[in-house]
Amino acid sequence: MKRTPLVAGNWKMNGGQSLVASMATALAEYQGVADVVVCPPFPYLASAREQLPAAIGLGAQNVSDQAEGAFTGEVAASMLAEAGCGYVIIGHSERRALYAESDAQIADKFAQVQAAGLIPVLCVGETLAEREAGNTDAVVCGQLQAVVDAVGVAAFARAVVAYEPVWAIGTGEEASPEIAQEVHAALKRAARKEIDTVALRVLYGGSVNADNANALMRMPDVDGVLVGGASLEALGFRQLCAQVAGSV
């Protein structure tokens, strides 16, 4: 039997107080068994925590790789904990590509998040060129291994991995459920090579919506979804959460 699924909504640099309010209202009526996490931009975290039902998790979209200090514009993991966050997305392909975040920096962020008592959501994924070259497993497992080398695979008992094929993020393209299953299985095998008792929790992200969520969740190694654009409409997001919950 599959574990309780997780649905995380990444608003990216979208939304506002009106979306916080409408999401809180919509999710107040959600009673599914899936764990749900909402990840709005930094300015709305405190407001979201005040308005969202207690059962709904709150996540941040980024974090500093430093604990404190003279780092203008950065936000420490301890600050996110004070704001009521339980999760932090790290290593998203947009951060890797647009802001040149390295595997080493992402591993440092992972460690900071866990030190603050929060759960990291580590994103991994390959570009279209890497997929066409047959390098998908090497790329995504390499991104995972960089963090494992820094913190140890046992740390992933308190973490989540999200497979987001770069070619399917915000493009309308989507990996087939079979492709998602293949990559998720490869990631879990890579973790078991380190410690065979670690049960990696892996989400799929990449143009997830109400039309494809059910098929994705039927795959044995898909433990949930990381949702982008489809998390920006409150009622639609609640429906998607209910669909995922119904897959258990």
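As a reminder, the structure under discussion sits directly above these lines.
Residues numbered from 1 in each chain as written. Predicted model: local features only at pLDDT ≥ 70, side-chain atom pairs only at ≥ 80, totals over all residues. Heavy atoms only, no water.

A. Quick peek at the pairing of strand β5 (residues 119-124). Counting buried positions along β5 yields 5 of 6 residues, so the element is predominantly enclosed. Examined bridge by bridge, strand β4 (residues 87-90) and β5 share 4 bridges and lie parallel to one another. Each residue of the ladder has a partner; that of Ile90, found in β5, is Leu122. Bridge analysis of β5 against strand β6 (residues 160-163) gives 4 bridges, and the strand direction is parallel. Residue pairing in the sheet places Leu122 in a bridge with Val161 of β6. (Buried < 20%, exposed > 50% of the residue type's maximum accessible area, 1.4 Å probe, protein only. Helix = DSSP H or I, 4+ residues; strand = E, 2+ residues; numbered from the N terminus. Pairing = 2+ DSSP bridges.)

B. Region of the structure containing the nonpolar core. By size, the foremost hydrophobic cluster in this structure holds 70 residues, and its most contacted members are Phe156 and Leu187. In contact with Leu187, other than residues within four places in its own chain, are Val124, Val140, Cys141, Leu144, Val161, Tyr163, Leu200 and Val202. Counting residues in hydrophobic clusters, the runner-up holds 12 residues, among them Ala8, Val37, Ala162 and Leu226. (Core = buried A, V, L, I, M, F, W, Y, C linked by side-chain atoms within 4.5 Å. Contact = heavy atoms within 4.5 Å.)

C. View of helix α8 (residues 177-194). The end-to-end C-alpha distance of α8 is 26 Å, a good match for the 26 Å that 18 residues give at a rise of 1.5 Å each. Turning to α8, its buried residues are Pro177, Ala180, Gln181, Val183, His184, Ala185, Ala186, Leu187, Lys188, Ala190 and Ala191. Buried residues in α8 make contact with β5, α6 (128-132), α7 (136-151), β6, β7 (202-205) and α9 (213-217). (Expected span 1.5 Å × (residues − 1).)

D. Looking closely at the packing of α7 against α8. Where α7 contacts α8, the axes come no closer than 10 Å and their chain directions differ by 40°. On the basis of their axis angle, the class for α7 and α8 is oblique. Both α7 and α8 take part in a crossing whose hand is right-handed. Residues Thr136, Asp137, Val140, Cys141, Leu144, Gln145 and Val148 of α7 pack against Val183, Ala186, Leu187, Ala190 and Glu194 of α8. Among the residues making up the contact of α7 with α8, the classes are represented as 8 nonpolar, 2 polar and 2 charged. (Axes fitted to C-alpha atoms, helices over the stretch in contact; angles between N-to-C directions. Parallel < 35°, antiparallel > 145°, perpendicular 65-115°, else oblique. Left-handed = near helix turned anticlockwise from the far one by under 90°. Nonpolar A, V, L, I, M, F, W, Y, C, P; charged D, E, K, R; others polar.)

E. Up close: the sheet that holds β5. The 8 strands lie next to each other as β1-β2-β3-β4-β5-β6-β7-β8, forming a closed barrel whose pairing is parallel. When strand polarity is set aside, the average angle formed by the axes of neighbouring strands in this sheet is 25°. Against the sheet, α7 engages β5 and β6, with an angle of about 150° to β5.

F. Molecular detail of the pattern of salt bridges. Taken as a whole and judged by the stated rule, the model has 9 salt bridges. The structure contains a network of salt bridges with shared partners spanning Arg95, Glu101 and Lys109. (Salt bridge = Lys/Arg side-chain N within 4 Å of Asp/Glu carboxyl O.)

G. View of the side chain of Asp65. Topologically, Asp65 is positioned in the loop between β3 (57-60) and α3 (77-82). Despite its burial, Asp65 pairs with no opposite charge, the nearest such side chain being Lys109 at 6.5 Å. Excluding anything up to four places from it in sequence, Asp65 contacts Gln105, Asp108, Lys109 and Gln112. (Lys, Arg positive; Asp, Glu negative; His and termini not counted.)

H. Spatial organisation of unusual backbone geometry. Within the chain, Ala100 stands out as a residue other than glycine whose phi angle is a positive 55°. Within the secondary structure, Ala100 sits in the loop between α4 (93-98) and α5 (103-115). The phi dihedral of Ser207 falls on the positive side, at around 60°, and the residue is not glycine. Tracing the backbone shows Ser207 in the loop between β7 and α9.

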